Amino acid sequence: MLSMEKKSFSVTLEKFETNNPNYKLGLHFLQPDINVPLHCTNLIKQGSDVQLQSNSRIFTIVTVQNILQKQFDRFIFIPMFNTEQTHTFNNIQFKTLLVTNNFEPSTLPADLPNLKRLHEYIKTSIKLVRSTQPTDIRLTKLHSVAWKFTLMFDNQQQEIHVPYVCLVCRGDVLVNSLPTDKLSDIQHFFMKEFTSICHGKYLEPSQFMELSKKALVDAASRHSVYMYIAHFFSSLVYKHIRYMTDYKATGKKDFIGINEFDNHLYSDCEDMAQASYDLMRIFRRVFPSSLTDVKNNVSTLCYHVSAWLNEATLGIMQGALGEVRSEKLNNHVWAVILPKETPAVFVEGTKGEFTPNIYQYAIRFWSRDSSNIYDFFLINPDTGQYGMSVNFFLSSSFPMKAIDQWALKLNTTPIYRDLLFVANMQVETFNLLNYLIKH
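The next subject is the overall build of the chain. Each helix and strand in the chain was counted, giving 13 helices and 19 strands. The C-alpha atoms of the chain give a radius of gyration of 22 Å, which matches the 22 Å a tight globule of 439 residues would have. Dimensions along the principal axes, computed over C-alpha positions, put the chain at roughly 65 × 50 × 45 Å. Expressed as a percentage of the 439 residues in the chain, the buried residues total 55%. By sequence separation, contacts in the chain at least 24 residues apart represent 71% of the contacts at least 6 residues apart. For the chain, the computed accessible surface area is about 19800 Å², with 48% contributed by carbon and sulfur atoms. Across the chain, 43 positive and 41 negative side-chain charges occur, with their mean positions spaced 2 Å apart.

Right, here's the structure in full:
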């Protein structure tokens, strides 16, 4: 595997245009042979430069948003440098010109990755669901295994299937490529938002910090700290992203991505969960802190929050909402914070607050660290059937241990690179963090 220190070269996007004003364009590069975070670039604007790595396959992906129909499509092509390229997509022409003075061509053939292993993984996941009895018959059709989208490559359409575990790595490029010149803007954004949320809860930041210090020695206070943190991020996402079903927003039954139109952001639950998860990961990076800092009386609200977040595992869950005696339950996806020795809390952007009694069952848990992606199929410890009672899960003082003990773990190691590639094929035509700060 190529290291991050391999030689790079600079590329300028000199031309990126279409003759149709009803289309909004975004462009980014994927290099599947490069280690995270250099495998995927941020969105590139016309006239801007980007550093790419030598000796790797390079793919250019264009995301096309039809402004009138509020729909997204995308195509992928192999870039030719210092030569204008013309692309035809849905009878619309697009032109790109990528200029470089020091390009070193790769010896690797620029073919799309072989996604057969990915398809086998999805088939195995579906087979696991079908061969395992649900703990509640209402769970039978409530599953998020994979989503799909159409990709144009060499003037041919390909249907790409993406496992839902990819929600936890879709934001890698955003999390890992924070511009140093904007760190103060990002910090100021979070400080302003969290202070406002505190006051909305009739809680002074100083009161939260006192609770934080008390939590160092008191388990009950520790759970209260995490409840507040869940509320901070739930409120933040709820404030800036409006809930809308995929079909209403895009005309598609299943679409992964946040929609931007009418000067607002719209998404359904899985995109709100991903936004919550990514914003928490960004938050930990821009406010590096630990419990040692809390002991030493760090004096800023956000550093207290980050210290406790750094003591937890972050992830995304899929499961069921509804009344205990309802005829049916509703599929739902949400973000989750799993402390080491304190019950878990949920980050709920669709409602703006964590209300434990609305959740009935957890079916999947997805998470990742610097080198692994985790996909858990959750089992009821009493019956051995799938669908863990949320009451049982939230009662555990060791939530990650409960998942490790009562879940089937799918092996993502053989398809790690494939997961990163397909997860990062889809990006919004805007930078979420820049959008939030600007608005």
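One finds Phe190, Phe194 and Phe233 to be the most contacted residues of the largest nonpolar core, which totals 120 residues. Per-element accounting of this core gives the leading share, ten residues, to helix α7 (residues 269-286). Dropping the residues within four chain positions of it, Phe190 is found in contact with Phe233, Leu236, Leu279, Ile282, Phe283, Val286, Phe287 and Cys302. Grouped together as the second largest cluster of nonpolar side chains are 22 residues, Phe9, Val11, Phe29 and Val62 included.

Turning next to α7. Taking 1.5 Å as the rise per residue, α7 with 18 residues should run 26 Å; its terminal C-alpha atoms sit 26 Å apart, in good agreement. Most of α7 is tucked away: 16 of the 18 residues are buried.

Here we come to the sheet that holds strand β11 (residues 259-261). Judged by pairing direction, the sheet is mixed, and its three strands sit side by side in the order β10-β12-β11 without closing on themselves. For this open sheet the edge positions go to β10 (241-243) and β11, each flanked by a neighbour on one side alone. Pairs of neighbouring strands in the sheet enclose a mean axial angle of 40°, with direction left out of account. Note that β10 and strand β12 (residues 264-267) share three bridges and pair parallel. Residue pairing in the sheet places Ile241 in a bridge with Leu265 of β12. Packed onto the sheet, helix α5 (residues 219-240) meets β10 and β12 and runs at close to 80° relative to β10.

Before going further, it helps to examine the pairing of strand β7 (residues 92-99). Burial of β7 is one-sided: the residues Ile92, Phe94, Thr96 and Leu98 facing one way are buried, the residues Gln93, Lys95, Leu97 and Val99 facing the other way are not. The sheet contact formed by strand β1 (residues 8-18) and β7 spans six bridges and is antiparallel. Paired with Lys15 across the two strands is Leu97, which belongs to β7. Pairing analysis gives five bridges linking strand β6 (residues 85-89) to β7, with the strands arranged antiparallel.

Our focus in this paragraph is the state of the cysteines. Evaluation of the coordinates by the stated rule reveals zero disulfides. Take Cys169: it sits in no disulfide, and the sulfur closest to it among the cysteines is that of Cys166, at 4.5 Å. On the basis of relative accessible area, Cys169 is assigned to the buried category, the value being 0%. Here Cys302 stays unpaired: no disulfide links it, and the sulfur of Cys198, its closest cysteine neighbor, is 8.9 Å away.

Our next topic: unusual backbone geometry. Backbone geometry at Asn82 places phi at a positive 65°, although glycine is not the residue there. On the secondary structure map, Asn82 appears in the loop between β5 (71-77) and β6. With a phi angle near 65°, Asn297 is a residue other than glycine that sits in the positive phi range. Among the secondary structure elements, Asn297 is positioned in the loop between α8 (291-295) and α9 (301-309). Relative accessible area serves as the criterion here: at 48%, Asn297 is assigned to the partly exposed category.

We now examine the packing of helix α3 (residues 183-200) against α9. It is the contact of α3 with α9, at a shortest axis distance of 9 Å, that shows an interaxial angle of 95°. The angle between α3 and α9 falls in the class roughly perpendicular. Facing Gln187, Phe190, Met191, Phe194, Thr195 and Cys198 of α3, the residues of α9 in contact are Leu301, Cys302, Tyr303 and Val305. The class makeup of the residues in the contact of α3 with α9 is eight nonpolar, two polar and no charged.

With that settled, consider α9. In terms of burial, α9 is a largely internal element, eight of the nine residues being buried. Considered for burial, the residues of α9 that qualify are Leu301, Cys302, His304, Val305, Ser306, Ala307, Trp308 and Leu309.

By the element assignment, Asn20 lies in the loop between β1 and β2 (23-30). A distance of 2.8 Å separates the side chain of Asn20 from the backbone nitrogen of Asn22, its partner in a polar contact.

Glancing now at the sheet that holds β7. With antiparallel pairing, the four strands of this open sheet are ordered in space as β3-β1-β7-β6. Of all strands in the sheet, those bounded by a partner on one side alone are β3 (49-53) and β6. The sheet shows a mean angle of 35° between the axes of neighbouring strands, taken without regard to direction. Inspection of the sheet shows β1 paired to β3 by five bridges, in the antiparallel sense. Residue pairing for β3: Thr12 is matched across the bridge by Asp49.

Cut-offs and rules
- Along each chain, residue indices are assigned from 1 in the same order as the chain's sequence is written.
- In view of the model being predicted, local features appear only for residues whose pLDDT reaches at least 70, and side-chain atom pairs are presented and counted only at 80 or more, with totals across whole chains, interfaces and linings using the full set of residues.
- With hydrogens and water excluded, all non-hydrogen atoms of the structure serve as input to the side-chain values.
- Strands are runs of DSSP state E lasting at least two residues, helices are runs of H or I lasting at least four, and both sets are numbered from the N terminus onward.
- Put simply, the radius of gyration uses C-alpha atoms, and a globule should come to 2.2 Å times the residue count raised to 0.38.
- Working definition: with a 1.4 Å probe on protein chains only, accessible area under 20% of the residue-type maximum means buried, over 50% means exposed, and in between means partly exposed.
- In what follows, residue pairs with any heavy atoms lying within 4.5 Å of each other are defined as contacts.
- Accessible surface area values rest on a Shrake-Rupley calculation with a 1.4 Å probe, where residue burial reflects the displayed protein chains alone.
- The positive count covers Lys and Arg only, the negative count covers Asp and Glu only, and His and the chain ends enter neither.
- Where a charge lies is defined by one atom per residue type: Lys uses NZ, Arg uses CZ, Asp uses CG and Glu uses CD.
- The criterion is simple. A nonpolar core is a set of buried Ala, Val, Leu, Ile, Met, Phe, Trp, Tyr and Cys residues joined through side-chain atoms within 4.5 Å.
- Expected helix span is taken as 1.5 Å per residue step, with the number of steps being one fewer than the number of residues.
- Only strands joined by at least two bridges in the DSSP assignment are considered to pair.
- Interaxial angle, 0 to 180 degrees, is taken between N-to-C directions of lines fitted to C-alpha atoms, where a helix line uses only the stretch in contact.
- By definition, disulfides here are pairs of cysteine sulfur atoms that lie within 2.5 Å.
- Put simply, angles under 35 degrees are roughly parallel, angles over 145 are roughly antiparallel, angles from 65 to 115 are roughly perpendicular, and the rest are oblique.
- Basically, the charged four are Asp, Glu, Lys and Arg, the nonpolar ten are Ala, Val, Leu, Ile, Met, Phe, Trp, Tyr, Cys and Pro, and anything else, Gly included, counts as polar.
- Identification of polar contacts relies on pairs of N or O atoms within 3.5 Å, with a donor-acceptor requirement for protein atoms, meaning one able to donate a hydrogen and the other able to accept it, and with residues adjacent in sequence counted only if both atoms are side-chain atoms.

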